[in-house]
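For reference, the chains in residue letters:
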Amino acid sequence: MFIKKRPSWALPSCEITPESAYLNRRQFMSGTIAVAAGLSIPGLVSAAQLPVPGEALDFVAMPGYSTDEEKTPLEDVTQYNNFYEFGTGKGDPARYANEMTVDPWSVVVEGECGRPGKYALEDILKPHEYQERVYRLRCVEAWSMVIPWIGVPLADVLQKFEPNLRARYVYFETLYDPDQMRGQRSLFSTIDWPYQEGLRMDEAMNELGFLAVGLYGKTMPNQNGAPIRLVLPWKYGFKSIKSIVKIRFQEQRPKTTWEMIAPQEYGFYANVNPEVDHPRWSQKRERRLPSGLLSPNWMETEKFNGYAEQVAHLYKGMDLRKYY
Ligand SMILES: Nc1nc2c(c(=O)[nH]1)N[C@H]1C(S)=C(S)[C@@H](COP(=O)(O)O)O[C@H]1N2
Ligand SMILES: [Mo]
């Protein structure tokens, strides 16, 4: 057993226009750690289960990858969501995401890799053991949560597809199915579906990147991006793409959904940065949910959302005002 010092980000840290306002305007105008070592102890944890909706999952807690800040209550995590495929209201995903079927689910892997193909989700998950990581999630709209995710390291999954040397970026895509996703049927939607995201390969391979299949010990609720979604805690929430059906390794930087909608407001990198304001609001502070009128629960936003120790090196020498 080896003991690693707990990284700094694991310690407790000492008038906003939502993204939808932009759309509305447009609509108007246009009409590792001790426990980690335990992973190798046989019998400690069973192999990954299939994500059956609502079922409890076996997992290994990862205190070295977890904050001990107070967790946001399950109710807020599952009823205050952004998932525009089901509507732009915060309550719409909880109301309508059960119109989506997540079983069976497959993911197409393509591009610059040795193992392209169409994979059943269980085949992607099978070789891995589930971990629980309690991460902060900071939305670009200046609210935040603390969520206990269950899932597998993104790097471990991507590695299995054997990306080659031409793979400089990885692209992700959400399900496109207007029959199941009422937001995609909306005449007012300015999003060019499907929702698309991407990362530089070295960002994707960072130890913090996580593919979540559950939260609070159970299979992922649909509104949070069932059956599998990305979690990138040092970036604004919109990078953490939900309900993934495609992964592509590519040489060129992919276009991403929010960048395409409003490039002057949402960049490709989207690293949490209190020093770079959104053109229409400050990013210096955030409302930690639950947040009410009388107790808005404002707190300071930290650079890279408090995960600088793990990720700052990825952006060394880059002007983060330019590459926001
Ligand atoms: N496909 C898809 N993924 C998405 C979104 C979306 O609208 N569609 N919203 C993003 C935004 S803006 C945020 S803040 C997070 C919210 O995740 P949560 O609802 O699980 O808290 O999901 C991100 N992933
Ligand atoms: Mo967000």
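Residues numbered from 1 in each chain as written. Chains lettered and ligands numbered in written order. Predicted model: local features only at pLDDT ≥ 70, side-chain atom pairs only at ≥ 80, totals over all residues. Heavy atoms only, no water.

**Things to note about the overall build of the protein chain**
The condition that has to hold: Where helices and strands are cited, they refer to DSSP runs of H or I of at least four residues and of E of at least two residues respectively, numbered from the N terminus. Type-normalised accessible area, obtained with a 1.4 Å probe on protein chains alone, sets the label of each residue: buried when under 20%, exposed when over 50%, and partly exposed for intermediate values. The Shrake-Rupley method, run with a 1.4 Å probe sphere, supplies the accessible areas, and residue values consider only the shown protein chains as cover.
Scanning the protein chain from N- to C-terminus turns up 10 helices and 13 strands. The buried share among the 324 residues of the protein chain stands at 55%. Working note: accessible area of the protein chain is about 14,400 Å², and carbon and sulfur atoms make up 53% of it.

**Concerning the environment of Glu 275**
Filter applied, for reference: Here, two residues are considered to be in contact whenever any of their heavy atoms come within 4.5 Å of each other.
Take Glu 275: it is sitting in the loop between helix 9 (257-261) and strand 12 (285-288). The class for Glu 275 is partly exposed, based on a relative accessible area of 45%. When the C-alpha positions of Glu 275 and Lys 303 are compared, they lie 7.9 Å apart, and in sequence the two are 28 residues distant. The residues touching Glu 275, leaving out its near neighbours within four places in the chain, are Lys 303 and Arg 321.

**Considerations on the side chain of Asp 177**
We count it as follows: We define a polar contact as two N or O atoms separated by no more than 3.5 Å, with the added condition that, inside protein, one atom must be a possible hydrogen donor and the other a possible acceptor, whereas residues neighbouring each other in sequence contribute only through side-chain atom pairs.
Among the structural elements, Asp 177 can be located in the loop between strand 6 (169-174) and helix 7 (182-185). Side chain to side chain, Asp 177 and Gln 180 meet in a polar contact 2.6 Å long.

**Examining the site of ligand 1**
So the rule is basically this: Distances are taken per atom, and a residue is near a molecule or strand as soon as one of its heavy atoms is within 4 Å of it. Side-chain classes are defined by residue name, with Ala, Val, Leu, Ile, Met, Phe, Trp, Tyr, Cys and Pro counting as nonpolar, Asp, Glu, Lys and Arg as charged, and the others, Gly among them, as polar.
Asn 81, Tyr 84, Glu 85, Thr 174 and Lys 242 are the nearest of the 18 residues found near ligand 1. Contacts to ligand 1 include Asn 82, whose backbone N or O atom sits 3.2 Å from a nitrogen atom. Here an oxygen atom of ligand 1 sits 2.8 Å away from a polar atom, N or O, in the main chain of Tyr 84. Protein chains bury 99% of the 530 Å² of accessible surface belonging to ligand 1 in isolation. Looking at the shell around ligand 1 residue by residue, the classes come out as 8 nonpolar, 6 polar and 4 charged.

**Digging into the confidence of the model for the protein chain**
Counted only if it meets this: Per-residue confidence from the predictor is given as pLDDT, running between 0 and 100.
Mean pLDDT over the protein chain stands at 89; residues scoring 70 or higher make up 84%. Segment residues 1-17: pLDDT under 50, and 50 contacts once partners within four positions in sequence are set aside and those in other chains are kept. Under a pLDDT of 50 for its full length, residues 23-47 has, in the predicted model, 41 contacts with residues more than four places off or in other chains.

**With respect to the packing of aromatic side chains**
Centre-to-centre distance and the angle between the planes together describe a pair of aromatic rings. Basically, it comes down to this: Only Phe, Tyr and Trp rings take part, Trp by its six-membered ring, and two of them pair if their centres are within 6.5 Å. Stacked means planes under 30 degrees apart, edge-to-face means over 60, and tilted covers everything else.
Summed over the entire model, instances satisfying the criterion amount to 13 aromatic pairs. Relative to Tyr 266, the ring of Trp 258 lies with its centre 5.1 Å away and its plane at 65°, an arrangement referred to as edge-to-face. Owing to a relative accessible area of 1%, Tyr 266 belongs among the buried residues under this scheme. Geometrically, the ring pair formed by Tyr 269 and Tyr 315 is edge-to-face, given 6.1 Å between the ring centres and 85° between the ring planes.

**Description of the nonpolar core**
Convention followed: Joining through side-chain atoms within 4.5 Å is the link that ties buried Ala, Val, Leu, Ile, Met, Phe, Trp, Tyr and Cys residues into a set, and such a set is a nonpolar core.
Core analysis: the biggest nonpolar cluster contains 82 residues, and Trp 105, Trp 149, Val 170, Phe 172, Leu 230, Ile 247 and Phe 249 have the highest contact counts within it. The greatest single-element share of this core, amounting to 6 residues, is contributed by strand 5 (residues 143-153). When near neighbours in sequence (up to four residues on either side) are disregarded, Trp 105 contacts Met 100, Tyr 119, Ala 120, Leu 121, Leu 175, Ala 226, Pro 227, Ile 228, Ser 243, Ile 244 and Val 245.

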